[in-house]
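# Tertiary structure, described
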Amino acid sequence: MRFLHTSDWHLGRRFHGEDLIDAQRKILDHICDTARNEQADALLIAGDIYDRAIPSLDAVRLFNQGLNQMADLGIPAIMISGNHDSAHRLGVGSALLARTGVHLRTNPAHTATPVLLETPAGTVAVYGVPYLEPTLVRTHLEAEEASHQAVLSSALDRIRADLADRPAGTRSIVLAHAFVTGATGCRSERDISVGGVDHAPASVFDGIDYVALGHLHGAQQVNDHIHYSGSPLAYSFSETGHTKSLTLIDL
Ligand SMILES: [Mn+2]
């Protein structure tokens, strides 16, 4: 089974005063064309859909167009909110959109409720972990402390518990928006540190077959099964050396 992983679209972002909306429109076309041409079974979008919590009208129009394009693909799209998104605003209508195959996971309460994909090669449970702001979600997730490691660990414990109840052979994918220890940032990610710590160890994702990460704008592998797709466009001069890409995964 094949997945197309992308993140950090930052719709509405401007670059030193330049409007990027046309470039972003072309990128959304390219993402949908690629999903179609590569016969992906699902599209994974790991957060920072918008650049701002209150996006520009042009950004909202483009997102609306993108939703229609994704629904027309005829494959599921699973999307989470990132630290730049307003989870509540992005998540409006998510139950209705799910009927079209576009699954917006923006509520931490739904992290352990997977989107189940039935493919000829078997079942895949796809879990969407929206960006977790430690101080806001700590209580709900019953985390030990308000840190990225603690809240992600709690969310992943719930996911592993759900997975343990599913039939043997069920494969798992987690979407998350986080800074994993050892990965490389650049100048266009907003600081998410809490008490001086902005990262969580890769071990929080132990037991998951593929982790589709967002947040860092450079495409990179943390290890065999944990990847950042990176942003599809450069959003700062610190990204001059990046080769922008989408990540195609055969699981
Ligand atoms: Mn981002």
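Data block above holds the structure.
What comes next is a walk through the structure. (Residues numbered from 1 in each chain as written. Predicted model: local features only at pLDDT ≥ 70, side-chain atom pairs only at ≥ 80, totals over all residues. Heavy atoms only, no water.)

When the terminal C-alpha atoms of helix α2 (residues 57–73) are compared, their 25 Å separation across 17 residues agrees well with the 24 Å that a helix rising 1.5 Å per residue should span. Restricting attention to buried positions, one finds in α2 the residues Ala59, Leu62, Phe63, Gly66, Leu67, Gln69, Met70 and Leu73. Seen along its axis, α2 keeps its buried residues to an arc of 170°; they face one direction. Opposite the buried face of α2, at more than 90 degrees from it, the exposed residues are Leu57, Arg61 and Asp72. On its buried side, α2 packs onto α1 (21–37), β4 (42–46), β5 (77–80), α3 (87–90), α4 (94–98) and β6 (102–105). Where α2 terminates, the next one or two residues include Gly74, which has phi positive at roughly 80°. (Helix = DSSP H or I, 4+ residues; strand = E, 2+ residues; numbered from the N terminus. Expected span 1.5 Å × (residues − 1). Buried < 20%, exposed > 50% of the residue type's maximum accessible area, 1.4 Å probe, protein only. Arc of directions from axis to C-beta. Contact = heavy atoms within 4.5 Å.)

Okay, the packing of α1 against α2 next. The N-to-C vectors of α1 and α2 enclose an angle of 10°; their axes lie 10 Å apart at closest approach. Relative to α2, the element α1 lies roughly parallel. Residues Ile21, Gln24, Arg25, Leu28, Asp29, Cys32, Ala35 and Arg36 of α1 form the contact with α2, whose own contacting residues are Asp58, Ala59, Leu62, Gln65, Gly66, Gln69, Met70 and Leu73. Looking at side-chain class alone, the contact of α1 with α2 contains eight nonpolar, four polar and four charged residues. (Axes fitted to C-alpha atoms, helices over the stretch in contact; angles between N-to-C directions. Parallel < 35°, antiparallel > 145°, perpendicular 65-115°, else oblique. Nonpolar A, V, L, I, M, F, W, Y, C, P; charged D, E, K, R; others polar.)

Here the focus is α1. Across its 17 residues, α1 extends 24 Å between first and last C-alpha, which sits within 8% of the 24 Å expected from 1.5 Å per residue. Those residues of α1 that sit buried are Ile21, Gln24, Ile27, Leu28, Ile31, Cys32, Thr34 and Ala35. Down the axis of α1, the smallest arc covering the buried residues is 160°, so these residues share one side. Those residues of α1 that are exposed and aimed more than 90 degrees away from the buried face are Lys26 and Asn37. In the core, the buried residues of α1 are packed alongside β1 (2–6), β3 (18–19), β4 and α2. Trailing α1 by a residue or two, Gln39 shows a phi angle of about 50°, which is positive.

To continue, consider the coordination of the manganese ion. Looking at the manganese ion, one finds its protein donor set to be Asp8 (OD), His10 (NE2), Asp48 (OD) and His217 (NE2), positioned 2.0 to 2.5 Å from the metal centre. A relative accessible area of 0% places His10 in the buried class. (Donors = N, O, S within 2.8 Å, 3.2 Å for Na, K, Ca; no water.)

Before going further, it helps to examine the pattern of salt bridges. If you walk through the whole model with that rule in mind, you get 10 salt bridges. In this structure, the salt-bridge partner of Asp250 is Arg2, at a minimum N-O distance of 2.9 Å. Residue Asp250 is found in strand β15 (residues 247–250), and its partner Arg2 is found in strand β1; the two are separated by 248 residues along the sequence. Since its relative accessible area comes to 54%, Asp250 is described here as exposed. One network of salt bridges, in which partners are shared, links Arg2, Glu38 and Asp250. (Salt bridge = Lys/Arg side-chain N within 4 Å of Asp/Glu carboxyl O.)

Taken in spatial order, the five strands make up an open sheet running β6-β5-β4-β1-β15, and their pairing is mixed. Across the chains shown, the open sheet's two edge strands, defined by having one partner strand only, are β6 and β15. Averaged over all adjacent pairs, the angle separating strand axes in this sheet is 20°, with direction ignored. Here four bridges tie β4 to β5, and the two strands are oriented parallel to one another. Looking at β5, one finds that Ala46 is bridged to Ile80. Here α2 sits on the sheet and contacts β4, β5 and β6; the angle it forms with β5, its principal contact strand, is near 145°. (Pairing = 2+ DSSP bridges.)

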